[in-house]
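Coordinates in review
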Amino acid sequence: MAHRRRVSSTPSESDFSPASSLRTSPSQKQDNEEPNDPNHTQDPAEMHLSGVQPIITAIRATDLTLGLRWIPAGFHAVIKANGVEYQTSNISVNVDQAVIEWRERIPLPHEPCSKVRVSVYASFELGPMLCHGELLRTFEISVGELLDRSERSHCRYPIIFQPKQREVISACTSLFMRVEQQLSDPNEAAFLCLLTNPASPDIKALALRTDVGHRLLARYRRMQNGRDLEQSIDHFELALHLCPMNHPYRPAVLFNLATAKFVSCQAEGRYLDLDDPVSLFEGALDLRPTDHPDRTVTQLYLAVTLLSRFAKRGFQTDADAAKELLSEIVNVCHANSHIHRAAAIAMETCALHSARSINANDLEQEWHARSMLPLSPNQLTDQTQRCLERDEPRALDEVISLHYDALGYYNAGHDCRGRLLNNLALILHTRFERQGNDKDLDQAIALQTEVLALWPVGHTDRFMSLNNLATQLSSRFDHRGNGEDLDQTIALHREALALRPSLHNLATQLSSRFDHRGNGEDLDEAYRTEQGSAGFMPGGAGFVPVGHRNRSKSFNNLANQLSSRFRHRGNGEDLDQAIALQREAVALCPVGHTDRSSSLGNLANQLSSRFDHQGNGEDLDQAFALQREALALCPATAKDLDQAIALQREALTLCPVGHTDRSMSLYNLANRLSSRFGHRGNDEDLNESRENLLCALTLLTQHNPRQLMVHESIANVYLSFHHLELDGTGAGENTESLLSRLRASLTWVHYAHQYSHGTQLEAYATSMQLLDAYMSMTASVSSRHDAMKGFPRTLAVDAASCALRSGDVGRAVELLEQGRTIIWTQMTRLHTPLDRLQTCGDHAVTLMKKFADLSSLLDKPTPSHPEGTQRVDVEAEATRYRRLVDDWNSTVEEIRKIKDFSRFLLPPLFSDLQDAARDGPIIMLIASESSCDAIIIPHKQPPTSIQLSTDIQKLAKLVLTFREAVDKETGHQRALMKALHELWNDVVGPVVEKLGGLVRLGSRIWWCPTFFFNFLPLHAAREYRNGGKSLSQLYISSYTPSLTALINARASRDRPTSVPFVAIGQNCPAGASFTLDAVEPELELVRKLLPPPPTVSFSKITSVDATKSRALCALRENTWFHLACHGTQKFNEPFQSAFLMRDQPLSLLDIAQTDLSRHHFAFLSACETAVGDVSTPDEVIHLAAGLQFAGVRSVVGTLWKVDDPTVHLLVKAFYEKFCEGGTMSPKRAAQALHRAVQSLASDVDIPLAQRIVFVHIGI
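Residues numbered from 1 in each chain as written. Predicted model: local features only at pLDDT ≥ 70, side-chain atom pairs only at ≥ 80, totals over all residues. Heavy atoms only, no water.

With respect to helix α18 (residues 572-587)
- For α18, built from 16 residues, the straight-helix expectation of 22 Å at 1.5 Å per residue is met to within 8% by its first-to-last C-alpha distance of 23 Å.
- Listing the buried residues of α18 in full gives G572, D574, L575, A578, I579, L581, Q582, A585 and V586. (Helix = DSSP H or I, 4+ residues; strand = E, 2+ residues; numbered from the N terminus. Expected span 1.5 Å × (residues − 1). Buried < 20%, exposed > 50% of the residue type's maximum accessible area, 1.4 Å probe, protein only.)

This is how it looks when you write it as structure tokens:
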């Protein structure tokens, strides 16, 4: 027996290969560890220099000056292998030089396992070096690994260094070494840069003292330990004793000692002792003549020391001498050298100083005389830095004024204008944060936008401007809640990401936008981006390696992203992975770590969520244990709470009325008071908390995003009042976005239900209204379906159950209709006829045209975005759609102002919905956690409710039983009979008893099931016992997805004189593994049974002609049709459920986007055409329902798989009854199907599951 199967596609698995990390550092020793004994040398001839040998041909290092607290003379590298050391040349770098490259050829041992030690130094002299200098980086790596990395990476993946311990940044961030296998030339040894060492014991001692002194001085600069500085001076003084007057290294030793003593004077404020370093620097300068390579650096340090002494004593001779030295440096040095830049800065400082303005207790104090010219950019930068450090409002205003003056002087063509604009934008943003003036923030954004235009793609500072503008737009989003600011922030971070790694910033903003709009794609991208930031993805730009102090935070961020995605979609795998990552984060925060408490709390919350999801008691036990440990790490005393409240009160006094932060200060104080109420139970704290929160609410504008936080706190306070029966009032207002309001309303639903509050029905209605509005802002139908999964799937049935408990059956019906089939309802709204508006005046006609135009634009299929489409383009399209929706909503509001249109497109009232029962009663079945009920809706009489004896758990088991019983391979007829018997006893039987007094036997009835009832064959319920009743023997059953859909299907339509009927069949669609041999005979059978022309105009499309486009065209042109083909139901993407054609599927989405408003009848001879999606059951997303919502009045579909022989027999019996008398009417379809099924009941060769597989939907 051929079997008409459901065809489903399985996504092909992508080939993934494990990517090894390209940033794995070689086995490194401590960066501050010195190389092995530098005095040991070996003759280069001892190394094997014949044959092929690995040779270092180039070494490249980046960011060598990063974080250095002194100006180095140059940089060099030392390579040691097999006891032989080689040193590269000592190269100085310029300000704009990020990379330095040494091209000396250095031989390496032949053995791949031989270790090579590499050290990079910053030297203190360009002339003869007394020691290596300050060690920047050192590590060991094997020859084999060097060769492998060199061949594999081609400079693209260098060795990456992280900052040293206790440092935010450290010099030398990466190093690349090119190693090649080359033929060795013994004569080349003479040209190799073999390290030479002093031979004299005194020289060795001198080098040792100098080296130790520099290391101690470097450590002092990092750690600020005064003992290190003292010991550094001691070692330099001992070195000086080893250098008589004519010693070649005496100028270097004098310079070193002078530097250390100058640092000491600055650190301890002993400015009277500046004579010592001045004298020492002068001595060093005397020994370094004009052509000496280190003369300029000596001049610079002497000049700076003289300026310091001038600033404290006011001797003009010091200032004059400093100016002369600095002028010489500027004239001699290259403009891009570090020494030239330092000298220029010192000269500006010198120009600002005057003896009469010096404060001996403040080295940073400067003055400047009034001038016709504005301050220079550097001077403005200095002023800005001081101002930002002091929090003096008047000083901030003055600096802003000075910047505006400077902008008037440095016109649009000046090189420094971009820098001035950037700084002014930052200062304005700071003033906004301190004083809260919106205009400052708007101006900052406008200025930073101008900066971005001045720094085009390729400009070295564009990355900085992108980040600054993103930060300012993000602040404005936080302040006002305008989603377009957030969109632009994300776009800027994307561009910045292309310039430098900044993945975490992008992930944070994407998470914010998910919170704002609930788009799951933002959450997915945020997670992927955070993965890249944490280094869990190949090529992650913001790599956080093992051992990095931020790694635990990366794990925590990833876990939070997955937890959010679990809450959004309910995928347990996300929660499992979040828990695994959070465990890693906890492991990286040992006892004593500042983040351990928060990590423990996060893990406890995630385990608690998994308990709620899966019911595993071990998760709950572990969550309790973790929360106890976290609580123990954060002991809070009553004194702490009192002090916190006192500080919050003080903060409030600093935010007087009119201050932008006053609302948040009130909010913070209210929360502290609420916490103390929970701790002590003092009613006064709770009253004061409420008053502060209500006051904070009045200070916030309607769309301020902070409204949500305040509302939530108010809700908690009122819950506390309710719990203690102290008060009973509460209110809610709109919050900053639809999504936030929707979430807040769902919280309202939760608490109103928990406390049986009188606002339960209002909460449900508000939630469903907001859900409908939120869904309308989503452009694509599939996106709406994905979004629906993130909200409670029982919202509508729970609301109806609540209304039934209050005794309001009509309201229960209204809530069911409002909260179900939201996606279909939104699609049909766009096709609402407005002919009546034509008689309401010119304004009404204008609105009608505007409504039609906007509906047409919104009804267009959203453009598909192929893989690789820029996300910014996708987001721009989404923004355009949201604006169209806003315009459409505004137009609808205007139409409602017209007489007799006040309820235009509002949820229908029960008095309107009751008209659906015009041709027979409708039975709505409600399955909620509270109860399972049936509502019988007659046409004229009041509705009746029946509480059923089943519950939601029993229904879930019954659905599973039916699924197993009808399965072709595993099904069992006895199990199916038992399930149908249970369905009768628990659901259908009680309904039939009530129907007896409402409608005569043999009449038509309509079922409108909800939730799990959608998956049950209600029409086939019966008692399997002697004399047992059967629903099909009593009434003729039809189904409807909603009352509105049935009302629309009954709307009068023109009846054509001839019935245009098309039969579409496809026996061998693309991708099918076998042919449906019965399709052609079935279509021929339909043709024979239909009335002849001119009553019916019959056409047929089969085989190679039955393509997707031809089928769609035929559906548009024929208002009656019969489909015979493979059917596929996509439960994960129900709108991709489809009829399979020769080239590609004819999907439910294709049908939904086709105008079938004139169509009368469809027979779907395919598998599973009337079964929906379990994740959103009350959206009723299946092929048969889709056809009715698209406009087809009467549809015959199937609940599960069908067999070809059954189809042939049923089609024959159906069309014989359907076409009796030579006429056809869509209203006769239900009766024809009913009689056809009964005619097959006596055929024992047809399984029971096949006799009840067909259902009727519609009129």
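Topic: the packing of aromatic side chains
- Evaluation of the coordinates by the stated rule reveals 20 aromatic pairs.
- With 5.6 Å between their ring centres and 70° between their planes, F851 and F904 make a pair best called edge-to-face. Here the residue F851 occupies a position in helix α31 (residues 842-859), and F904 occupies one in the loop between α32 (871-896) and α33 (910-913), the gap between them amounting to 53 residues. Of the two residues, F851 and F904, neither departs from the other in class, the shared state being buried.
- Taken together, the ring pairs in this structure connect F1061, F1098, W1120, F1161, F1163, F1214, Y1215, F1218 and F1254 into an aromatic cluster.
- Here the basic side chain of R1022 rests over the ring of Y1024, its NZ or CZ set 4.7 Å away from the ring centre.
- Taking NZ or CZ as reference, R1050 lies 4.8 Å from the ring centre of W1006, over its face. (Phe/Tyr/Trp six-rings, centres within 6.5 Å; stacked < 30°, edge-to-face > 60°. Lys NZ or Arg CZ within 6 Å of the ring centre and 35° of its normal.)

What to know about the pairing of strand β15 (residues 1036-1039)
- Residues of β15 alternate between two faces, with I1036 and S1038 on one and S1037 and Y1039 on the opposite face, all of them buried.
- Bridge analysis of strand β14 (residues 1004-1009) against β15 gives four bridges, and the strand direction is parallel. Bridging across to β15, W1006 finds its partner in S1038. (Pairing = 2+ DSSP bridges.)

A look at empty space enclosed by the protein
- Applying the stated criterion across every chain, the model contains seven cavities of 30 Å³ or more.
- Within this model, the largest cavity holds a volume of roughly 220 Å³.
- In this structure, the largest cavity is lined by 18 residues; those nearest its centre are P1009, N1014, Y1039, A1170 and H1182.
- For the lining of the largest cavity, the per-class residue count stands at 13 nonpolar, four polar and one charged. (1 Å grid on protein atoms, 1.4 Å probe; cavity = no way out; pocket = protein on both sides within 12 Å on 5 of 7 lines; lining within 4 Å. Points joined across faces, edges and corners; volume = space filled by probe spheres on them. Nonpolar A, V, L, I, M, F, W, Y, C, P; charged D, E, K, R; others polar.)

Focus: the sheet that holds strand β4 (residues 84-87)
- Strand order across the open sheet formed by four strands is β4-β3-β7-β8, with antiparallel pairing between neighbours. Sheet topology places β4 and β8 (134-142) at the edges, where each strand pairs with a single neighbour. Averaged over all neighbouring strand pairs, the angle between strand axes comes to 15°, with direction disregarded.
- As defined by bridge partners, strand β3 (residues 74-81) adjoins β4 across four bridges and the pair is classed as antiparallel. Opposite K80, over in β4, you have E85 as the bridge partner. (Axes fitted to C-alpha atoms, helices over the stretch in contact; angles between N-to-C directions.)

Some remarks on the side chain of E817
- Topologically, E817 is positioned in helix α29 (residues 809-819).
- A polar side-chain atom of E817 sits 3.1 Å from the main-chain amide nitrogen of L1043.
- What E817 contacts, discounting residues up to four positions off in sequence, is P908, L913, M924, S1042, L1043 and T1044. (Polar contact = N/O pair within 3.5 Å; in protein donor to acceptor, adjacent residues only side chain to side chain. Contact = heavy atoms within 4.5 Å.)

A few points about the nonpolar core
- Core analysis: the largest hydrophobic core is formed by 160 residues, its most contacted members being F1214 and Y1215.
- Per-element tally for this core: the top contributor is helix α35 (residues 973-995), with ten residues.
- Setting aside its immediate chain neighbours within four residues, F1214 contacts F1161, F1163, V1196, A1229, A1232, L1233 and A1236.
- Of all hydrophobic cores here, the second largest spans 74 residues; its members include V93, L146, M177 and C243. (Core = buried A, V, L, I, M, F, W, Y, C linked by side-chain atoms within 4.5 Å.)

With respect to α31
- Along its 18 residues, α31 runs 25 Å from first to last C-alpha, staying within 8% of the 26 Å computed at 1.5 Å per residue.
- When we look at burial in α31, the residues that qualify are A844, L847, M848, F851, L854, S855 and L858. Down the axis of α31, the smallest arc covering the buried residues is 140°, so these residues share one side. Those residues of α31 that are exposed and angled more than 90 degrees off the buried face are D842, T846 and K849. (Arc of directions from axis to C-beta.)

Quick word on the environment of D1155
- With respect to the secondary-structure elements, D1155 resides in the loop between α40 (1148-1152) and β22 (1161-1165).
- Taking relative accessible area as the criterion, D1155 reaches 52% and is therefore assigned exposed.
- Between the C-alpha atom of D1155 and that of L1115, which follows or precedes it by 40 residues, the distance is 9.4 Å.

Quick look at the pattern of salt bridges
- Counted according to the given criterion, the structure contains 35 salt bridges.
- Taking the shortest distance from any N to any O, the salt bridge between D442 and R476 comes out at 3.0 Å. Here D442 is found in helix α12 (residues 438-454), whereas its partner R476 is found in helix α13 (residues 462-480), with 34 residues between them in sequence.
- Given the relative accessible area of 27%, D442 is considered partly exposed.
- Overall, R476 belongs to the buried group, its relative accessible area being 16%. (Salt bridge = Lys/Arg side-chain N within 4 Å of Asp/Glu carboxyl O.)

A word on the environment of D442
- In this structure the C-alpha to C-alpha distance between D442 and H429, which are 13 residues apart in sequence, comes to 8.8 Å.
- Residues within four places of D442 in sequence aside, it is in contact with R476 and R480.
- Polar side-chain contacts of D442 include one of 3.0 Å to the side chain of R476.

What to know about the sheet that holds strand β20 (residues 1138-1140)
- The strand order across the open sheet formed by three strands is β19-β20-β21, and the pairing between neighbours is antiparallel. A strand with exactly one partner marks an edge of an open sheet, and here the two such strands are β19 (1127-1128) and β21 (1145-1147).
- Bridging between β19 and β20 involves two bridges; their strand directions are antiparallel. Looking across to β20, one finds that G1127 is bridged to F1139.

Observations concerning unusual backbone geometry
- The omega angle of the peptide bond from P1093 to P1094 is 5°, so this bond is cis rather than trans.
- The topology assignment puts P1094 in the loop between α38 (1079-1089) and β17 (1096-1101).
- At T821, a residue that is not glycine, the phi angle is positive and equals roughly 45°.
- In the Ramachandran plot, L905 falls in the positive-phi region, its phi being about 60° despite a non-glycine side chain.
- You can see L905 is positioned in the loop between α32 and α33.

Description of the side chain of N1067
- Looking at where N1067 falls in the secondary structure, it is placed in the loop between β16 (1059-1065) and α38.
- Each residue touching N1067, except ones within four places of it in the same chain, is listed here: F1074, T1075, L1076, V1079, E1080, S1103 and R1142.

Describing the pairing of strand β10 (residues 174-183)
- When strand β2 (residues 52-62) meets β10, the two strands line up antiparallel, connected through ten bridges. Counterpart to R60 in the pairing with β10 is F176.
- Of the strand pairs in this sheet, strand β9 (residues 159-160) and β10 are connected by two bridges, and their pairing is antiparallel. The partner of I159 across the bridge, within β10, is L175.

Points about the packing of helix α19 (residues 596-614) against helix α20 (residues 617-633)
- At a minimum axis separation of 8 Å, α19 and α20 run at an interaxial angle of 160°. Considered as vectors, α19 and α20 are oriented roughly antiparallel to each other. With respect to the hand of their crossing, α19 and α20 are arranged in left-handed fashion. Along its contact with α19, which presents R596, S597, L600, G601, L603, A604, N605, L607, S608, R610 and F611, the element α20 presents G617, D619, L620, Q622, A623, L626, Q627, E629, A630 and L633.
- Its residues assigned to classes, the contact of α19 with α20 shows ten nonpolar, seven polar and four charged. (Parallel < 35°, antiparallel > 145°, perpendicular 65-115°, else oblique. Left-handed = near helix turned anticlockwise from the far one by under 90°.)

Structural notes on the packing of helix α4 (residues 250-268) against helix α6 (residues 295-313)
- In the contact formed by α4 and α6, the axes pass within 11 Å of each other and the chain directions differ by 30°. Considering their axes alone, α4 and α6 lie roughly parallel with respect to each other. Remark: the crossing between α4 and α6 carries left-handed chirality. Across from F255, T259 and F262 in α4, the residues of α6 making contact are V297, T298, Y301, V304, T305 and S308.

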